[in-house]
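Structure at a glance
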Amino acid sequence: MNAVLILIALVTVGTAIAAMAGRNLLHSVLLLALAWTGVAAFYLWAGAEFAAFAQVLVYVGAISMVVLFAVLLTRRSRDEAAPGPAGQSRALSAVMAAAAVAGVLVGAILRSPLAASPGPAPAVTVRQLGAELMGPYAAALLAVGVLLTVALIGAVVLAAGDRTGQPEDNP
Amino acid sequence: MSPLQFCLIFSGVLFSVGLAGALARSNAILVLLGIELMLNAANLNFIAFWRYGPASAPATGVIFVIFSIAVTAAETAVGLALVIAIHRHQRSIRLQEATRLKG
């Protein structure tokens, strides 16, 4: 077993748990950026460099910044109040449900006969990826482009709201 | 334990952490982040099987992860826009208070 892999897994899971259990929303987002960096480190370790760089660009760069903006836009002191007894019992049942899911998953993984081929990582270059994306996966690439456009327009429409008649719109 | 099994267990534990966060927290942004963690765990599985699984075309796993990341980015943008819209209407992003559609 590779020590680097164990270290990456421990750091990623630890920061994820700290982020999900934390009281401060800003700290949670920053810890989750660390967890996403850990996932990118796993991609690098596995030999998928392009996926690692895409992970850093999209998650650590873009998504964490957008989430930070949303946190700062919706910040209120009431949201960070201590949870009542109802919240605590809900948290307890949520942790129990997640532990049950984890138990089922780990048991299934340990008992299934996974034929692992311990050979070298499949070598894939960026040129090869580009050729694949423009060749056999061109239709999927176009569909993703349409999806991103629609999602961007939808997000703008949802977040902009109906602000007609505000004084700053008609200076 | 083989490395493939270790990677799958890593991904399963990460998924469970995201599930616990999405179920336990009442802040809409943290629920969204828990869902992001679960999607990341799924991406980990793609890469683990691409690295250790039966031989396939060399670029398949990476391309799957790239498309998955793109779809996740779209989902996050729409989700955060919804959170901001809820905040404008309710003055709060606690999910317990977003009950206007409740029958």
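Summarised in this report is the structure supplied together with it. In this text the structure is predicted, and so the values were computed from the model without any measurement. (Residues numbered from 1 in each chain as written. Chains lettered and ligands numbered in written order. Predicted model: local features only at pLDDT ≥ 70, side-chain atom pairs only at ≥ 80, totals over all residues. Heavy atoms only, no water.)

Each helix and strand counted, chain B has three helices and zero strands in total. Listed by position from the N terminus, the elements making up chain B come as α-α-α. Over its C-alpha trace chain B gives a radius of gyration of 17 Å, far above what one expects of a compact globule, namely 13 Å for 103 residues. Projected onto the principal axes, the alpha-carbon positions of chain B cover approximately 50 × 25 × 20 Å. A sequence separation of at least 24 residues applies to 57% of the contacts in chain B between residues at least 6 apart. Surface accessibility of chain B: about 3900 Å² in total, with carbon and sulfur atoms responsible for 70%. (Helix = DSSP H or I, 4+ residues; strand = E, 2+ residues; numbered from the N terminus. Rg over C-alpha atoms; globule rule 2.2 N^0.38 Å. Contact = heavy atoms within 4.5 Å. Areas by Shrake-Rupley, 256 points an atom, 1.4 Å probe, with all protein chains shown as cover.)

Here we come to the packing of helix H1 (residues 3–21) of chain A against helix H2 (residues 28–52) of chain B. Contact pair H1 of chain A / H2 of chain B: the axes reach a minimum separation of 10 Å and the direction vectors enclose 160°. Viewed along their axes, H1 of chain A and H2 of chain B adopt a mutual orientation that is roughly antiparallel. For the element pair H1 of chain A and H2 of chain B, the recorded crossing hand is left-handed. On the side of H1 of chain A, the interface is formed by Ala16, Ala19 and Met20 of chain A, while H2 of chain B contributes Leu30, Leu33, Gly34 and Leu37 of chain B. (Axes fitted to C-alpha atoms, helices over the stretch in contact; angles between N-to-C directions. Parallel < 35°, antiparallel > 145°, perpendicular 65-115°, else oblique. Left-handed = near helix turned anticlockwise from the far one by under 90°.)

What follows concerns the environment of Leu141 of chain A. Tracing the backbone shows Leu141 of chain A in helix H6 (residues 138–160). Each C-alpha atom of the pair Leu141 of chain A and Ile153 of chain A lies 19 Å from the other, and the pair is twelve residues apart in sequence. Those residues within four positions of Leu141 of chain A in sequence are excluded, and the remaining contacts are Leu133 and Met134 of chain A together with Phe67 of chain B.

This part takes up the nonpolar core. Formed by 62 residues in total, the largest nonpolar core has its most connected members in Phe42 and Tyr43 of chain A together with Leu33 and Ile47 of chain B. When residues of this core are traced back to their parent elements, those giving at least two are H1, helix H2 (25–46), helix H3 (49–73) and helix H5 (126–134) of chain A together with helix H1 (3–24), H2 and helix H3 (60–90) of chain B. Considering every element that reaches this core, the biggest residue donor is H2 of chain B, with twelve residues. If you count residues domain by domain, this core takes at least three from each of domain 1 (1–76) and domain 2 (123–161) of chain A. (Core = buried A, V, L, I, M, F, W, Y, C linked by side-chain atoms within 4.5 Å. Buried < 20%, exposed > 50% of the residue type's maximum accessible area, 1.4 Å probe, protein only. Domains from an automatic or database assignment.)

Taken together, the contacts link 69 residues of chain B with 81 residues of chain A. Taken together, both faces of the contact between chain B and chain A bury some 6600 Å²; the carbon and sulfur share is 76%. Contact with chain A buries area across many residues of chain B, yet Phe10, Arg51 and Phe67 of chain B alone supply 9% of it, more than any other trio. There are zero salt bridges connecting chain B and chain A. For the pair chain B and chain A, the number of links is eight residue pairs in polar contact (both at pLDDT 80 or more). Of all the elements in the fold, those that place two or more residues in the side of chain B that touches chain A are H1, H2 and H3 of chain B. Among the elements that line the side of chain B that touches chain A, the one with the most residues is H3 of chain B, at 23 residues. A breakdown of the residues in the side of chain B that touches chain A according to their chemical character gives 45 nonpolar, 17 polar and seven charged. (Buried area = accessible area lost by both parts, 1.4 Å probe. Salt bridge = Lys/Arg side-chain N within 4 Å of Asp/Glu carboxyl O. Polar contact = N/O pair within 3.5 Å; in protein donor to acceptor, adjacent residues only side chain to side chain. Nonpolar A, V, L, I, M, F, W, Y, C, P; charged D, E, K, R; others polar.)

The next thing to look at is unusual backbone geometry. One non-glycine residue with positive phi stands out, namely Arg91 of chain B, at about 60°. Under the relative-accessibility criterion, Arg91 of chain B is labelled partly exposed at 44%.

Residues and elements named next belong to chain B. Direction vectors running N to C along H2 and H3 enclose 175°, while the axes themselves pass 9 Å from each other. Viewed along their axes, H2 and H3 adopt a mutual orientation that is roughly antiparallel. Here the contact of H2 with H3 is built from residues that sort into 14 nonpolar, seven polar and two charged.

That's the geometry; what it means functionally is another story.
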